[in-house]
Amino acid sequence: GVQTCALPICTFLTVSAAGFAALLVACGEDSIAGSGTDAGSSSSGTDAGTTNAETSTTAVNPTVQTGSDSTDPDGSSDTTQGADDSSSGTDTDDPSAVCEDPDLIDWDPADEALDEAVFPLAIMSGEMRPESAMFTIYVPDGTPKTFRMWTPGERAGQVSLVHERTVEPNADGFVKFTVEGLCAGTWYDYGYFVGEDGNFSARSRIGHVRTAIAEDALEPLVVALVSCCGSSLDWPAVGRTNEEYYDVLLHLGDMAYNDGMETLAEFRANWRDWMSTPDYRNLFSNAGVYATWDDHEIDDNSNFDRETMDPAELIRRQNAMDSYFELVPIDAEGPDYQIWRTFRWGLTAEIIVLDCRYERRPSQGLYMSDTQMAFLEDRLLNSPCRFKIVMNSVPITNMPLQWDIAADDRWDGYPDSRNRVRDFINENDIDNVLFVSGDFHCSFLSRVEPNGDDTFSQLREVAC
């Protein structure tokens, strides 16, 4: 149930203050292309509840729990090694039938002692597909830990143990691995434990992740958006989001502000500051994330030339990229780390993740590479899904005059690329495209063009 308004004409109200403009969009009662759910209702068909990872459980789907513990059934267990130093650090276990015959055991994960000194950063899951998900964690003591994945049992103090493995941090303390063979559209709980064979002395926070729904399924989807979590390390909007139910989190960039960092050690230390905040610990444990990046993952855009050939700057960029991809659950290999990719949630939505920052070539007027543009066109044209959600880290909306001072920092500054997307959507009459974006430190719902009856002009963007 992605909701937005569908007025024939969208009215921008602009208020200028200290060089910024707040954009408000006048909206009617219609929703995009008959999505069939009322705005404000729980898209899961059940009551939305608290999802803070260390609070009491709240039912949000049939046989699904979120909160301090629980979710939905499956599995057998397998013990393998986590990240290593030899490649991207991604280890994929043998895709055995985890979705069948879980082991029902007497065990209450919440009874294990939470130790945030042993597990100081947010635990993360991502790359959710119908049968798999990726997991990352930082283990500063560098010793092996036990990873368990489970769903609620038939009674309190009992779980269906879906998957178990020993995870081995690499030399720098990072673990990154994928669990295969999961059930589609299913909520799972997971955590990391000190000890083995059920004899545990400490645990991480308990995380929750939902696999993507089956390719032929059509059901409502609740999406949370976040971007630009600044250096105050205090984000009330993120705290508010943590109180809501969402199936998937979309992080639109500027996950950390690494301005001024140079060495790999400096980038890593800065990431630890961000990922140890209570807001991020809760946010990333509540659901899996699809993420793209923007400028502050390296530096403020005015302080980094993406076309640089300066050897020192290229080393800085590599340090930034390495520190990001070892921490965030994205299936990409260095040194180049392609970040654009796509994920389907059944027939409901295809989530198209773009790199709208580091493939730009301002000297050539290119907003992204031809290869990425062809990928975007292919997914817009050939997706079987009702909604095409395009994650672009900066807005595509034709924004009011006050914003033209920053036109070169968004699609508007690259008219050939923007017009190519516009013409492609119009020529193929592709509707139900929803753009989501961040970077501009304001929130708005807009038409991508203030006027016009063509398909592209009437599409919507949500900025956060």
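That block above? That's the structure.
Residues numbered from 1 in each chain as written. Predicted model: local features only at pLDDT ≥ 70, side-chain atom pairs only at ≥ 80, totals over all residues. Heavy atoms only, no water.

1. Comments concerning the sheet that holds strand 20 (residues 387-391)
Part 1 of the argument: Taken in spatial order, the six strands of this open sheet run 18-19-20-21-23-22, and their pairing is mixed. Two strands close off the open sheet at either side, each with one partner strand: strand 18 (341-345) and strand 22 (444-447). Averaged over all adjacent pairs, the angle separating strand axes in this sheet is 20°, with direction ignored.
Part 2 of the argument: Pairing between strand 19 (residues 349-353) and strand 20: five bridges, direction parallel. (Pairing = 2+ DSSP bridges. Helix = DSSP H or I, 4+ residues; strand = E, 2+ residues; numbered from the N terminus. Axes fitted to C-alpha atoms, helices over the stretch in contact; angles between N-to-C directions.)

2. Regarding the state of the cysteines
Think of a disulfide as a covalent bridge from one cysteine sulfur atom to another cysteine sulfur atom.
Part 1 of the argument: Here the structure, examined in full by the defined rule, presents one disulfide.
Part 2 of the argument: No disulfide involves cysteine 228; its nearest neighbouring cysteine sulfur is the one of cysteine 464, lying 7.2 Å away.
Part 3 of the argument: Using a relative accessible area of 16% as the deciding quantity, one classes cysteine 228 as buried.
Part 4 of the argument: Between cysteine 229, a free cysteine, and cysteine 228, which holds the nearest cysteine sulfur, the sulfur-to-sulfur gap is 7.6 Å. (Disulfide = S-S within 2.5 Å. Buried < 20%, exposed > 50% of the residue type's maximum accessible area, 1.4 Å probe, protein only.)

3. Points about the packing of helix 2 (residues 264-275) against helix 4 (residues 311-325)
Axes are the key here: two packed helices are described by the angle between their axes and the distance separating the axes.
Part 1 of the argument: Running from N to C, helix 2 and helix 4 point in directions that differ by 40°, and their axes come no closer than 9 Å. Viewed along their axes, helix 2 and helix 4 adopt a mutual orientation that is oblique. Considering how the two elements wind past one another, helix 2 and helix 4 form a crossing that is right-handed. Contact residues: Leu264, Phe267, Arg268 and Trp271 in helix 2; Arg316, Asn319, Ala320, Asp322, Ser323 and Tyr324 in helix 4.
Part 2 of the argument: A class-by-class count of the residues in the contact of helix 2 with helix 4 yields five nonpolar, two polar and three charged. (Parallel < 35°, antiparallel > 145°, perpendicular 65-115°, else oblique. Left-handed = near helix turned anticlockwise from the far one by under 90°. Contact = heavy atoms within 4.5 Å. Nonpolar A, V, L, I, M, F, W, Y, C, P; charged D, E, K, R; others polar.)

4. So, the environment of arginine 360
Part 1 of the argument: Assignment of secondary structure puts arginine 360 in the loop between strand 19 and helix 5 (370-382).
Part 2 of the argument: Classification of arginine 360 by relative accessible area gives buried; the value is 1%.
Part 3 of the argument: Sequence separation of arginine 360 and arginine 306 is 54 residues, and the distance between their C-alpha atoms is 7.3 Å.
Part 4 of the argument: Each residue touching arginine 360, except ones within four places of it in the same chain, is listed here: Arg306, Glu307, Leu366, Tyr367, Val394, Asp408, Asp409, Arg410 and Tyr414.
Part 5 of the argument: Within the structure, arginine 360 has its side chain in polar contact with the backbone oxygen of cysteine 356 (distance 2.9 Å). (Polar contact = N/O pair within 3.5 Å; in protein donor to acceptor, adjacent residues only side chain to side chain.)

5. Observations regarding the pairing of strand 14 (residues 207-210)
Part 1 of the argument: Of the two faces of strand 14, the one lined by Gly207 and Val209 and the one lined by His208 and Arg210 are each fully buried.
Part 2 of the argument: Here strand 12 (residues 187-196) pairs with strand 14 via four bridges, running antiparallel. By the bridge assignment, aspartate 189 is partnered in strand 14 with histidine 208.

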